[in-house]
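Examining the three-dimensional arrangement
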Amino acid sequence: MSAVLLPLADDGRLATALATRLGARVGTLRWTRFPDAESLIAIDPSLDGADVVLVASLNRPDDKALALRFAADTARELGARSVGLVAPYLAYMRQDRRFHPGEAVSARAFARFLDESVDWLVTVDPHLHRIKALGRVFRIPADCVSAAAPIAGWIRDHVEQPLLIGPDEESAQWVERMASAAGASYELLRKVRHGPTDVEVSLPDVRRLRGRTPVLVDDIVSTGKTMCAVLEHLHGRCEPAICVVIHPLFVGDAFESLYRAGAGLVVSTDSIPHSSNAIRLDEPIAAAVAARLAATSIEIGP
Ligand code: R5P
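Here the structure is a predicted model, which means the values were calculated and not measured. (Residues numbered from 1 in each chain as written. Predicted model: local features only at pLDDT ≥ 70, side-chain atom pairs only at ≥ 80, totals over all residues. Heavy atoms only, no water.)

1. Regarding the environment of T223
Basically, it comes down to this: A run of H or I in DSSP counts as a helix once it spans at least four residues, and a run of E counts as a strand once it spans at least two, with each numbered from the N terminus. Note on contacts: a residue pair qualifies if any of its non-hydrogen atoms lie within 4.5 Å across the two residues. Two N or O atoms form a polar contact when they lie within 3.5 Å of each other; inside protein one atom must be a possible hydrogen donor and the other a possible acceptor, and for residues adjacent in sequence the pair counts only when both atoms belong to side chains.
With respect to the helices and strands, T223 occurs in the loop between strand 13 (213-221) and helix 6 (225-234). Here the alpha-carbon distance between T223 and D198, two residues 25 residues apart in the chain, equals 9.9 Å. Setting aside anything within four residues of it in sequence, one finds T223 in contact with P196, T197, A254 and S257. A polar side-chain atom of T223 sits 3.2 Å from the main-chain amide nitrogen of K225.

2. Description of helix 5 (residues 172-182)
Our working rule: Residue exposure (1.4 Å probe, protein chains only): buried if accessible area is under 20% of the type maximum, exposed if over 50%, otherwise partly exposed. As used here, the arc is the angular range of directions from the helix axis to the C-beta atoms.
Three or more residues of helix 5 are buried, namely A172, W174, V175, M178, A179 and A182. With its buried residues spanning 165° around the axis, helix 5 presents them on a single face. Just beyond helix 5, the residue with positive phi is G183, at close to 65°.

3. Considering the packing of helix 1 (residues 12-22) against helix 8 (residues 282-300)
We count it as follows: Axis definition: a line fitted to C-alpha atoms, limited for helices to the stretch in contact. Angles are taken between N-to-C directions and run from 0 to 180 degrees. What sets the label is the angle itself: under 35 degrees gives roughly parallel, over 145 gives roughly antiparallel, 65 to 115 gives roughly perpendicular, and the rest give oblique. Each crossing gets its hand from how the near helix is turned against the far one by less than a right angle, where anticlockwise is left-handed and clockwise is right-handed. Basically, the charged four are Asp, Glu, Lys and Arg, the nonpolar ten are Ala, Val, Leu, Ile, Met, Phe, Trp, Tyr, Cys and Pro, and anything else, Gly included, counts as polar.
Helix 8 packs onto helix 1 with a crossing angle of 60° between their chain directions and a minimal axis gap of 9 Å. Our classification of the angle between helix 1 and helix 8 gives oblique. The hand of the helix 1/helix 8 crossing is right-handed. Here helix 1 contributes L14, A17, L18, R21 and L22 to the contact with helix 8, which in turn contributes D282, E283, I285, A286, V289 and A290. Counted by class, the contact of helix 1 with helix 8 contains eight nonpolar, no polar and three charged residues.

4. Quick word on the site of the ligand
Keep this limit in mind: Whether a residue is near a molecule or strand is decided by its heavy atoms; if any one of them lies within 4 Å of it, the residue is near. Where accessible areas are quoted, they stem from the Shrake-Rupley method and a 1.4 Å probe; at the residue level, only the protein chains shown are allowed to cover.
Around the ligand there are 15 residues in total, and D218, D219, T223, G224 and T226 lie nearest to it. Residue R193 places a side-chain N or O atom 3.3 Å away from an oxygen atom belonging to the ligand. D219 is positioned with one of its side-chain polar atoms (N or O) 2.6 Å from an oxygen atom of the ligand. Computed on the free molecule, the ligand has an accessible area of 380 Å², of which 95% lies beneath the protein chains in the complex. Where the shell around the ligand is concerned, the elements lending two or more residues are strand 11 (191-195), strand 13 and helix 6. Examining the composition of the shell around the ligand, we find that four residues originate from one element, strand 13, more than from any other. Here the residues of the shell around the ligand sort into two nonpolar, five polar and eight charged.

5. Things to note about the sheet that holds strand 5 (residues 51-55)
Just so we agree on the cut-off: Two strands form a pair only when DSSP identifies at least two bridges running between them.
Overall, parallel pairing links the six strands, which are arranged 2-1-5-6-7-8 in an open sheet. Of all the strands in the sheet, the pair left with one neighbour each is strand 2 (25-26) and strand 8 (142-145). When strand 7 (residues 120-124) meets strand 8, the two strands line up parallel, connected through four bridges. By the bridge assignment, T123 is partnered in strand 8 with C144.

6. A short note on unusual backbone geometry
Glycine aside, residues mostly have negative phi, and peptide bonds are mostly found in the trans state. Despite not being glycine, R60 shows a phi value in the positive range, around 45°. When you line up the elements, R60 lands in the loop between strand 5 and helix 2 (61-77). The backbone phi angle of Y92 is positive, close to 75°, even though this residue is not glycine. Counting through the fold element by element, Y92 comes out in the loop between strand 6 (82-87) and helix 3 (106-117). Judged by relative accessible area, Y92 falls into the partly exposed class, the value being 31%.

7. Describing the pairing of strand 11
Note on strand geometry: in a regular strand, side chains alternate between the two faces of the sheet. Relative to strand 12 (residues 198-201), strand 11 runs antiparallel, the two sharing four bridges. If you follow R193 over to strand 12, its bridge partner there is V199. The hairpin turn running from strand 11 into strand 12, its antiparallel successor, is two residues long.

8. A closer look at the pairing of strand 5
Going by this rule: Handedness of a crossover: with both strands directed away from the viewer, a clockwise path from the first strand across the helix to the second marks it as right-handed.
Here strand 5 lies mainly inside the structure; five of its five residues are buried. By the alternation rule, side chains of strand 5 split into D51, V53 and V55 and V52 and L54, which are all buried. Relative to strand 6, strand 5 runs parallel, the two sharing five bridges. Residue V55 lies in a different strand from strand 6, and its bridge partner there is V86. On the question of chirality, the crossover connecting strand 5 to the parallel strand 6 by way of helix 2 is right-handed.

9. Notes on the side chain of S257
Structurally, the position occupied by S257 is in helix 7 (residues 254-260). Those residues in contact with S257 that sit more than four places away from it in its chain are T223 and C228.

Next comes the structure, spelled out in structure tokens:
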């Protein structure tokens, strides 16, 4: 039996695109809430022998995690031979150490939770900083898809004379790859975070921006404070900047705040559904899922 993709919440569009590329079918996953806020999950009952692929970007993870676990457990009870997870955005990876006494190291705890829920994971550019590879926290096979090539393609097609700017040293891992694939130069800034909504970012070298379009690239935009700090430095000194976001979490009015701070355009990948989505990831994600399903078939047998 071929794979069955089950999208959670608003991940239906990605699931359909993946199913088309994989020659798989999309099954139903209904998630309803009782008045007391408990969840009822009901999935496609014809899963006997199927390789089930849950598709759930893990923004709003506290909301979604339990629903995901219920769906995975139910798929197994209904006869699925394997249950994988495509989570383009993988939450909790930023809390990768105990910053203050007594704090949870959520990256490890959340990885353990997913280990116990599914057989494999495919995600996109997870926020890895002190944890160098997903294999250090996951026991299940966990594959990372890079958004660098699709983003570089978008930049090549839409921006003349780009200069890529990463807001902090961690962004080197994304910005260097994108700049090299787009044939562009880049600059990395330094960031000091004083609190969740209080960040300081070093000044970009505006002389390098003469005749160029600044393209700010970050893996996550949450409150928007990081990108706004860079946009405020640039405002009036060069062409309006273009902001490119891999995972558009956009909490509250974060998206609008980027335009208020002087962005000329804000685009994102479709790792999380949002009106700014302009860069599709279904092709590289489907390739990673196809490889994982092939490996599963070899391990479990036809
Ligand atoms: C953290 O280092 C990430 O790469 C992002 O820079 C950060 O999550 C952005 O958060 P915010 O939009 O809240 O400033």
